[in-house]
Amino acid sequence: MKEGILVDIIGDRARALALIDRRGRDHFLAVLDRLARIYHGIDCKIYKYSLEWLDGPRPLKARGIYGDLWIAWR
């Protein structure tokens, strides 16, 4: 992971991938939006997330109108 990145969540990559397989990417985006509200205490209005993490254990960055959400994997 890059130095200086402060992650919001340490997640389980396998479970995240399984969720996408079962429910799809739109549902996963909605989950990220709910997580951002929980961890930031405000509605970030997440509108997209990076895809690089799908190919390997890279952090996931979800971009929101009012803030971003970073997830690292255990």
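Residues numbered from 1 in each chain as written. Predicted model: local features only at pLDDT ≥ 70, side-chain atom pairs only at ≥ 80, totals over all residues. Heavy atoms only, no water.

Right, let's get into the sheet that holds strand 4 (residues 69-73). Here we have 4 strands laid out as an open sheet, ordered 1-4-3-2, and mixed in their pairing. Of all strands in the sheet, those bounded by a partner on one side alone are strand 1 (9-11) and strand 2 (46-49). Going from strand to strand, the sheet's axes swing by 30 degrees on average, the running direction of each strand aside. Those strands touched by helix 2 (residues 25-40) are strand 1, strand 2, strand 3 (60-64) and strand 4, and its axis lies near 120 degrees from that of strand 2. (Pairing = 2+ DSSP bridges. Helix = DSSP H or I, 4+ residues; strand = E, 2+ residues; numbered from the N terminus. Axes fitted to C-alpha atoms, helices over the stretch in contact; angles between N-to-C directions. Contact = heavy atoms within 4.5 Å.)

We now examine the pairing of strand 3. Here strand 3 shows one buried face, formed by Leu60, Ala62 and Gly64, and one open face, formed by Lys61 and Arg63. One ladder, built from 3 bridges, connects strand 2 with strand 3; its direction is antiparallel. Bridged to Ile46 within strand 3 is Gly64. Judged from the 3 bridges that link them, strand 3 and strand 4 form a sheet pairing that is antiparallel. Counterpart to Lys61 in the pairing with strand 4 is Trp70. What sits between strand 3 and strand 4 in their antiparallel hairpin is a turn of 4 residues, with Gly67 showing a positive phi close to 155 degrees. (Buried < 20%, exposed > 50% of the residue type's maximum accessible area, 1.4 Å probe, protein only.)

With that settled, consider the packing of aromatic side chains. Tallied over the entire structure, the rule returns 3 aromatic pairs. Aromatic pair Phe28 and Tyr49: ring centres 5.2 Å apart, planes at 80 degrees, arrangement edge-to-face. Taken together, the positions of Phe28 in helix 2 and Tyr49 in strand 2 put the pair 21 residues apart, joining distant regions of the chain. The class of Tyr49 is buried, set by a relative accessible area of 12%. (Phe/Tyr/Trp six-rings, centres within 6.5 Å; stacked < 30°, edge-to-face > 60°.)

The subject of this paragraph is helix 1 (residues 13-23). All buried positions along helix 1 are accounted for by Ala16, Leu19 and Ile20. All buried residues of helix 1 project into a common sector of 100 degrees when viewed along the axis, lining one side. Every exposed residue of helix 1 that faces more than 90 degrees away from the buried side is listed here: Ala14, Arg15, Asp21 and Arg22. The elements touched by buried residues of helix 1 are helix 2, strand 2 and strand 4. A side-chain oxygen of the first residue of helix 1 lies 3.1 Å from the backbone nitrogen of Ala14; this N-cap is Asp12. (Arc of directions from axis to C-beta. Polar contact = N/O pair within 3.5 Å; in protein donor to acceptor, adjacent residues only side chain to side chain.)

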